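One letter stands for each residue in the lines below.
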Amino acid sequence: MEKANELPVKAVDAIEEAAGTFPGYRRAHAKGDYYEAVFTPNGKASAFTTAPHLLHTPVPAIVRFSNSSPNPTHADALTPPKGMAVQFQLPDGSVTNLIAVTIPIFFAKTPEAFVEIMKFFKSAEDGIPNLKELMKIAVNYPESKVSFKMIKEMRSPLSFAMARYFSIHVFNFINKDGRKQPIKYQWEPDAGLGMYGKLEAADYSADYLNEELTERVEREPVVFTLMIQLGEEGDPTDDPTAAWPAERQTIEIGHLTISKKLVDPPDMVLFDPTIVPEGIECSDDPILHFRHDAYAVSYNRRIHGK
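Residues numbered from 1 in each chain as written. Predicted model: local features only at pLDDT ≥ 70, side-chain atom pairs only at ≥ 80, totals over all residues. Heavy atoms only, no water.

Visitor: Can you walk me through the overall build of the chain in this structure?
Guide: For the chain, the count of helices and strands is six helices and ten strands. For a compact globule of 306 residues, the expected C-alpha radius of gyration is about 19 Å, and the chain comes in at 19 Å, within 12% of that figure. Each principal axis of the C-alpha distribution contributes one length, and for the chain these read about 50 × 50 × 40 Å. Partitioning the intrachain contacts of the chain with sequence separation of at least 6 by distance along the chain shows that 75% fall at a separation of at least 24. Working note: accessible area of the chain is about 14,200 Å², and carbon and sulfur atoms make up 53% of it. Taking the average location of the 32 positive side-chain charges in the chain and that of its 42 negative ones, the two points are 3 Å from each other. (Helix = DSSP H or I, 4+ residues; strand = E, 2+ residues; numbered from the N terminus. Rg over C-alpha atoms; globule rule 2.2 N^0.38 Å. Contact = heavy atoms within 4.5 Å. Areas by Shrake-Rupley, 256 points an atom, 1.4 Å probe, with all protein chains shown as cover. Lys, Arg positive; Asp, Glu negative; His and termini not counted. Charge placed at Lys NZ, Arg CZ, Asp CG, Glu CD.)

Spelled out as structure tokens, the structure:
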């Protein structure tokens, strides 16, 4: 069995072996742009959490939209899953992060499974495997089948502003009475959903998503609504490959208004999803906790130009 402190290094090494090493870039979601925003909570989360950015007072935020590929040169159309990372700047000067992607579940249940699955990508051309081949992994990791099927069928969005983003992991909200409520986050685009056909996006610029969003936000603010899905007894909190039942209650808890692109982006921002304030705690999801260590390895290599 791998030692726990060796797995994050092996995971980042596996990503580099699959897609190459790009000094100064993130080891995943390498290509992306930053935007300035304000999050305005509506107070409805206060029944479930004391987290300051989710109560009543607006807070500034930094948003990064990205491709999922570790290769910053990949065209937008080649990597259908997209990312939306938000760093909220809290009143006391600290930060908290909310990391979301355009697929509601992950492909690995454990850190060990993640490392083994990433080894498959090593044999793929330019780090992009044949999506049909992904399904073969499900023989050894049947819990990955649904996620790979979603990736295979996924289309590129018309805009970063016209996609739905999911947190994948479960978090526990804690209210003023100490009561815990498991939740999942979801960003809903106020502009509505829009996707290209399977081959349509290939006809556009390799950077069409960043180009489109830059032009869009110059015309008008881009707005997302933050929703939480409330877990119930028996819903898994430790398995990012498993979705909760669709009928679970969802509550709108605030709006994110993106006002402009950052011309001098803070390249060394670390969007660690385990950095949470009082009133929120990480669930028992091993992949969520693993991301803390893997992000640290990636960050250390990035800031040292590796």
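Visitor: How should I be thinking about the packing of helix 1 (residues 7-19) against helix 6 (residues 286-303) in this particular structure?
Guide: Helix-helix packing is characterised by the crossing angle of the two axes and by the distance between the axes. The interhelical angle for the contact between helix 1 and helix 6, taken along N-to-C directions, is 60 degrees, at an axis separation of 8 Å. Here helix 1 lies oblique to helix 6, going by the angle between them. The handedness of the crossing between helix 1 and helix 6 is right-handed. Here Leu7, Pro8, Val9, Ala11, Val12, Asp13 and Glu16 of helix 1 lie close against helix 6, whose contacting residues are Phe290, Asp293, Ala294, Val297, Ser298 and Arg301. Partitioning the contact of helix 1 with helix 6 into residue classes produces eight nonpolar, one polar and four charged. (Axes fitted to C-alpha atoms, helices over the stretch in contact; angles between N-to-C directions. Parallel < 35°, antiparallel > 145°, perpendicular 65-115°, else oblique. Left-handed = near helix turned anticlockwise from the far one by under 90°. Nonpolar A, V, L, I, M, F, W, Y, C, P; charged D, E, K, R; others polar.)

Visitor: For this particular structure, what's the right way to read helix 6?
Guide: An α-helical turn contains 3.6 residues, so a residue and the one three or four places further along point in the same direction. Counted at 1.5 Å a residue, the expected span for helix 6 with its 18 residues is 26 Å, and the 26 Å between its end C-alpha atoms agrees. Along helix 6, the residues classified as buried are Ile287, Leu288, Phe290, Arg291, Ala294, Val297, Ser298, Arg301 and Arg302. Regarding helix 6, its N-cap is Asp285, as a side-chain oxygen of that residue lies 2.9 Å from the backbone nitrogen of Ile287 further along. Phi for Gly305, located one or two positions after helix 6, is positive at around 70 degrees. (Expected span 1.5 Å × (residues − 1). Buried < 20%, exposed > 50% of the residue type's maximum accessible area, 1.4 Å probe, protein only. Polar contact = N/O pair within 3.5 Å; in protein donor to acceptor, adjacent residues only side chain to side chain.)

Visitor: Can you walk me through the packing of aromatic side chains in this structure?
Guide: By convention here, two paired aromatic rings are described through the distance between centres and the angle between planes. Counted under the stated rule, the structure contains 18 aromatic pairs. Judged by centre distance (5.8 Å) and plane angle (20 degrees), the rings of Phe107 and Phe148 are stacked. Residue Phe107 is located in the loop between strand 4 (95-101) and helix 2 (111-121), and its partner Phe148 is located in helix 4 (residues 145-153); the two are separated by 41 residues in the primary sequence. Just as Phe107 is buried, Phe148 falls in that class too. Ring geometry for Phe173 and Tyr185: centres 5.9 Å apart, planes at 65 degrees, overall edge-to-face. Taken together, the residues Phe173 in strand 6 (residues 171-174) and Tyr185 in strand 7 (residues 180-189) connect sequence positions twelve residues apart. An identical accessibility class is assigned to Phe173 and Tyr185; each is buried. (Phe/Tyr/Trp six-rings, centres within 6.5 Å; stacked < 30°, edge-to-face > 60°.)

Visitor: Just to check I follow, could you spell out the environment of Val101 for this structure?
Guide: Residue placement: Val101 occurs in strand 4. By relative accessible area, Val101 is classed as buried at 14%. For the pair Val101 and Gly24, spaced 77 residues apart in sequence, the C-alpha to C-alpha distance is 22 Å. When near neighbours in sequence (up to four residues on either side) are disregarded, Val101 contacts His29, Lys82, Gly83, Arg164, Tyr165, Phe166 and Ile168.

Visitor: Is there a simple way to think about unusual backbone geometry in this case?
Guide: Phi is positive for His29, close to 55 degrees, though the residue is something other than glycine. The phi dihedral of Ile168 is positive, around 70 degrees, even though this residue is not glycine. Mapped onto the secondary structure, Ile168 falls in the loop between strand 5 (165-166) and strand 6.

Visitor: Please explain the pairing of strand 7 as it appears in this structure.
Guide: Every regular strand shows the same layout, with side chains that alternate between the two sheet faces. Where burial is concerned, most of strand 7 is hidden: eight out of the ten residues are buried. Alignment of strand 6 against strand 7, held across four bridges, turns out to be antiparallel. Bridged to Phe171 within strand 7 is Ile183. (Pairing = 2+ DSSP bridges.)

Visitor: Teacher, can you tell me more about the nonpolar core here?
Guide: Grouped burial of nonpolar side chains is what soluble globular proteins tend to show. Among the nonpolar cores identified, the biggest contains 44 residues, and Leu54, Phe65, Tyr185, Trp187, Leu256 and Ile258 are the most heavily contacted of them. With five residues, strand 8 (residues 222-230) is the largest single contributor of residues to this core. Every residue in contact with Phe65, bar those within four places of it in the chain, is listed here: Lys31, Gly32, Asp33, Tyr35, Gly83, Met84, Phe160, Tyr165, Asn210, Leu213, Phe224 and Ile258. By size, the runner-up hydrophobic cluster in this structure holds 24 residues, among which are Ala113, Ile117, Tyr141 and Phe290. (Core = buried A, V, L, I, M, F, W, Y, C linked by side-chain atoms within 4.5 Å.)

Limitation: the analysis is restricted to geometry and does not speak to function.
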